[in-house]
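Understanding the architecture of this molecule
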Amino acid sequence: MIRVHILINTIIFCTTVANAHDIQLITQHLDIKKQKKVGWQQDIIARATFTRKFDAGLQATYLSRFDVYDKRVGGFVGFSPTDRLFLEVKYLQGMGNTILPEKSTQLTTYYTLASGLSSFGVLKNNRYARTNINSVGLGIEIEKIPSFIIIPQIMLGQAIFKDPAQTKSIHSLGLKGVFYREKNFSVFVFGARGREPAQVITGVSNILVDTVSAGAGGGYYFTKNFRSELIFDHTDYQQIHNQFMTTTLLMNYYF
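1. Section: the confidence of the model for the protein
Summarising the model, the protein shows a mean pLDDT of 87, and 88% of its residues fall at 70 or more. Counting contacts from residues 1–8, a segment whose pLDDT is below 50, to residues more than four positions away or on other chains yields 26 contacts. Confidence drops under a pLDDT of 50 for residues 11–17, and excluding neighbours within four residues, the segment shows 18 contacts in the predicted structure.

Listed below in C-alpha cells is the structure:
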C-alpha cells in the first residue's frame, strides 16, 4: 500500500537518522473485511553508523496473505555529506513474490531547508510479478509551533503492466499531524487518498483501484534505548468493494 508506506517510512526515518546503531522490528496485522481473512507482515531492519557521515544496514521481510507467502532481503547505505542533507539508497530482492515486489530500488533524500522546515523525497522502482511501478514521493515537515509537526506529501507515478500500452498513472496525496516530546512520546493522525494497482493489494489483478485511508498512532520511549510505536490504519478500496484494517507495531532498540 503505497501511501501508507510513505507515511510510515517518514516516521521511521525521523526516529533513526540521529541515532548510532539500531535494530527495528515492524509487525503488521491486516484484517481483510470482505474475505474475513487476516494477513501478516514482519520486517527486521538493522542499521549501523560507521562515521558521522556514513551508515548502512540490512532488511528482511516475510509476508503471509491470501495463502501467499512472500519473502525479500536486501540492504541500504546512507550518506550525509552535510549537516543538512541525508541520502539513502536501498535495494530489496524478492524470492518469487506475488504481492511484495520481486525487486525494489529506492533513493531517499532528506534536506533541512531552515529552522522548523525540512523536505524529503523518495524515488522508487518496484517490480512486481505483473506490474512495474515507477514513482516519486515528495513531502515537507513543517514545525513552526514547538512540538507540532505538519507533514503534507504527494506521490506521483506510473504503473506499467505486461502490455506497455496499458501504462497508467498512479498518485497519492497525504497529510499527517504529529505532536511530540523529544525522547519521550509522540501521537499522530494521518489521512491519504489516491490510486494504485490492485497487484500491490491482492497480487492477482492489473486494474487500478481508488483508495481512501485514515489512521492514528503513538510512540513512547520506555527507556533511552527502547522505543515503540503502535499505528492503526483503515483503508477503503472502492473498485474491489473491500476494506483493510492494518495494525502496525514498531519496536526500536538503540545502542
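The discussion continues.
2. Some details on the pairing of strand β2 (residues 37–49)
Strand direction decides the pairing type here: strand β1 (residues 22–32) and β2, joined by eleven bridges, are antiparallel. Counted as the bridge partner of H29 is W40 from β2. Where β2 and strand β3 (residues 54–65) come together, ten bridges link them in antiparallel fashion. Bridge pairing links Q42 to Y62 in β3.

3. A word on the packing of aromatic side chains
For the structure shown, the criterion picks out eight aromatic pairs. Judged by centre distance (5.9 Å) and plane angle (55 degrees), the rings of F179 and F185 are tilted. According to the relative accessible area criterion, F179 is partly exposed, its value standing at 22%. We classify F185 as partly exposed; its relative accessible area is 28%. For the pair F222 and F226, a centre-to-centre distance of 5.7 Å together with 35 degrees between the ring planes defines the contact as tilted. Relative accessible area serves as the criterion here: at 26%, F226 is assigned to the partly exposed category. For K176, the ring lying beneath its charged end belongs to F188, and the centroid distance is 4.8 Å. A cation sits over an aromatic face here: K183 above Y254, 5.8 Å from the ring centre.

Criteria and cut-off values
Residues numbered from 1 in each chain as written. Predicted model: local features only at pLDDT ≥ 70, side-chain atom pairs only at ≥ 80, totals over all residues. Heavy atoms only, no water. pLDDT = per-residue confidence, 0-100. Contact = heavy atoms within 4.5 Å. Pairing = 2+ DSSP bridges. Helix = DSSP H or I, 4+ residues; strand = E, 2+ residues; numbered from the N terminus. Phe/Tyr/Trp six-rings, centres within 6.5 Å; stacked < 30°, edge-to-face > 60°. Buried < 20%, exposed > 50% of the residue type's maximum accessible area, 1.4 Å probe, protein only. Lys NZ or Arg CZ within 6 Å of the ring centre and 35° of its normal.

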